[in-house]
Amino acid sequence: MPSRPPQQAPTSSSHYFSHHLAPFSPSELQKARSISIHFESVELQFLTGQGTFSRAEFDEGSQLLLDTMFKYGEFPDKANFCDLGCGWGPVGTLWAKTHPKHRVFALDVNPRAVQLTQLNFERNTVSNAVAWCADGLSATRDSVFDIVACNPPIRAGNATIDSLFEGAQRCLKPGGELWAVIRTAQGAKSWAKKLSAQFGDCHTMEMRNGFRILRAPKC
Ligand SMILES: C[S@@+](CC[C@H](N)C(=O)[O-])C[C@H]1O[C@@H](n2cnc3c(N)ncnc32)[C@H](O)[C@@H]1O
């Protein structure tokens, strides 16, 4: 599938969406936080760490995204699932564990996030998933995914989100779907309009606690 670009040197002023954060050293990893998530019928353990998104708990928006996909999604038995901007990997790990016939591809621009996602796959004996470090889907082939799930990095700016969504559309198979969670206060309605223009259609599947779940099927 995609190639894994070289990891980059650390800086002190990086945000969670940075590609400049070096992976954790073994001693730093020993201090990583461990949290447990109960979802559907599974209870999984996760390592999270400094410099990754929502390291104290499973983000409420991502949780709503998964809940909504479970409630309304109709997905093929066998499917390629992309966790776009995986952070420490909660979405991809939970999806892989609850969909053993799916193949999960998790990517993030932040090497620390990718390292934790890989460790979290191993910790939870997930064998149908891979994680890699990349700036969006620019190095990924066209029409390979059935599902792309994304809690976009709003703080990274509109150009980054545009490029993530454009990559999602290109890399989805016809009939595949992008599912995204965005806060209403952070422009969810405008993103829904943009996705509608880009994909030809975009439905708001859920609105709760200030979040909107968007579903854009690729024609
Ligand atoms: C809002 S967080 C969601 C993380 C994770 N999915 C979760 O639910 O906890 C967005 C993620 O996108 C990643 N990201 C930002 N820019 C990116 C890019 N250009 N390519 C890939 N990932 C990116 C960030 O590093 C961050 O982990």
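Please refer to the structure placed before this passage.
In this report, we go over the structure that sits alongside the text. (Residues numbered from 1 in each chain as written. Predicted model: local features only at pLDDT ≥ 70, side-chain atom pairs only at ≥ 80, totals over all residues. Heavy atoms only, no water.)

1. With respect to the site of the ligand
Then, number 1: Neighbouring the ligand are 21 residues; Ser62, Gly85, Asp108, Asp135 and Gly136 lie closest to it.
Then, number 2: Within the backbone of Val109, an N or O atom sits 3.3 Å from a nitrogen atom of the ligand.
Then, number 3: Within the complex, the protein chains bury 97% of what would otherwise be the 590 Å² of accessible surface of the ligand.
Then, number 4: Across the shell around the ligand, the residue classes tally to 12 nonpolar, 7 polar and 2 charged. (Near = heavy atom within 4 Å. Polar contact = N/O pair within 3.5 Å; in protein donor to acceptor, adjacent residues only side chain to side chain. Areas by Shrake-Rupley, 256 points an atom, 1.4 Å probe, with all protein chains shown as cover. Nonpolar A, V, L, I, M, F, W, Y, C, P; charged D, E, K, R; others polar.)

2. Some remarks on the environment of Ala129
Then, number 1: By the element assignment, Ala129 lies in strand 5 (residues 129-133).
Then, number 2: C-alpha separation for the pair Ala129 and Phe81, spaced 48 residues apart in sequence, amounts to 9.1 Å.
Then, number 3: Each residue touching Ala129, except ones within four places of it in the same chain, is listed here: Ala96, Val104 and Phe121. (Helix = DSSP H or I, 4+ residues; strand = E, 2+ residues; numbered from the N terminus. Contact = heavy atoms within 4.5 Å.)

3. Notes on the nonpolar core
Then, number 1: Counting 39 residues, the largest nonpolar core has Met69, Phe81, Leu94, Trp95 and Ile147 as the members making the most contacts within it.
Then, number 2: Setting aside residues up to four positions removed in sequence, Phe81 forms contacts with Met69, Val91, Trp95, Arg103, Val104, Phe105, Ile147 and Ala149.
Then, number 3: Of all hydrophobic cores here, the second largest spans 28 residues; its members include Leu84, Leu164, Phe165 and Cys171. (Core = buried A, V, L, I, M, F, W, Y, C linked by side-chain atoms within 4.5 Å. Buried < 20%, exposed > 50% of the residue type's maximum accessible area, 1.4 Å probe, protein only.)

4. Examining unusual backbone geometry
Then, number 1: The backbone of Ser54 sits at a positive phi, close to 45 degrees, despite the residue not being glycine.
Then, number 2: Summarising the element assignment, Ser54 is placed in the loop between strand 2 (42-48) and helix 2 (60-72).
Then, number 3: Overall, the relative accessible area of 23% leaves Ser54 in the partly exposed class.
Then, number 4: Backbone geometry places Asn209, a non-glycine residue, at a positive phi of 50 degrees.
Then, number 5: Relative to the helices and strands, Asn209 resides in the loop between strand 8 (203-208) and strand 9 (211-217).

5. As for the sheet that holds strand 8
Then, number 1: On the basis of which strands lie adjacent, the open sheet formed by 7 strands has the order 5-4-3-6-7-9-8 and mixed pairing. At either end of the open sheet lies a strand with only one pairing partner, and these are strand 5 and strand 8. Strand-to-strand, the axes of this sheet are offset by a mean angle of 15 degrees, without reference to chain direction.
Then, number 2: Where strand 4 (residues 103-108) meets strand 5, 5 bridges bridge the pair, whose relative direction is parallel. Directly across from Val104, in strand 5, lies its bridge partner Ala129. (Pairing = 2+ DSSP bridges. Axes fitted to C-alpha atoms, helices over the stretch in contact; angles between N-to-C directions.)

6. Quick word on the packing of helix 5 (residues 158-171) against helix 6 (residues 188-199)
Then, number 1: Helix 6 packs onto helix 5 with a crossing angle of 35 degrees between their chain directions and a minimal axis gap of 11 Å. Crossing of helix 5 over helix 6 shows right-handed handedness. Between helix 5, through Asn158, Ile161, Asp162, Phe165, Glu166 and Gln169, and helix 6, the contact on the second element is made entirely by Trp191, Lys194, Leu195, Gln198 and Phe199.
Then, number 2: When grouped by side-chain class, the residues that make up the contact of helix 5 with helix 6 number 5 nonpolar, 3 polar and 3 charged. (Left-handed = near helix turned anticlockwise from the far one by under 90°.)

As far as function goes, none of this settles anything; it's purely spatial.
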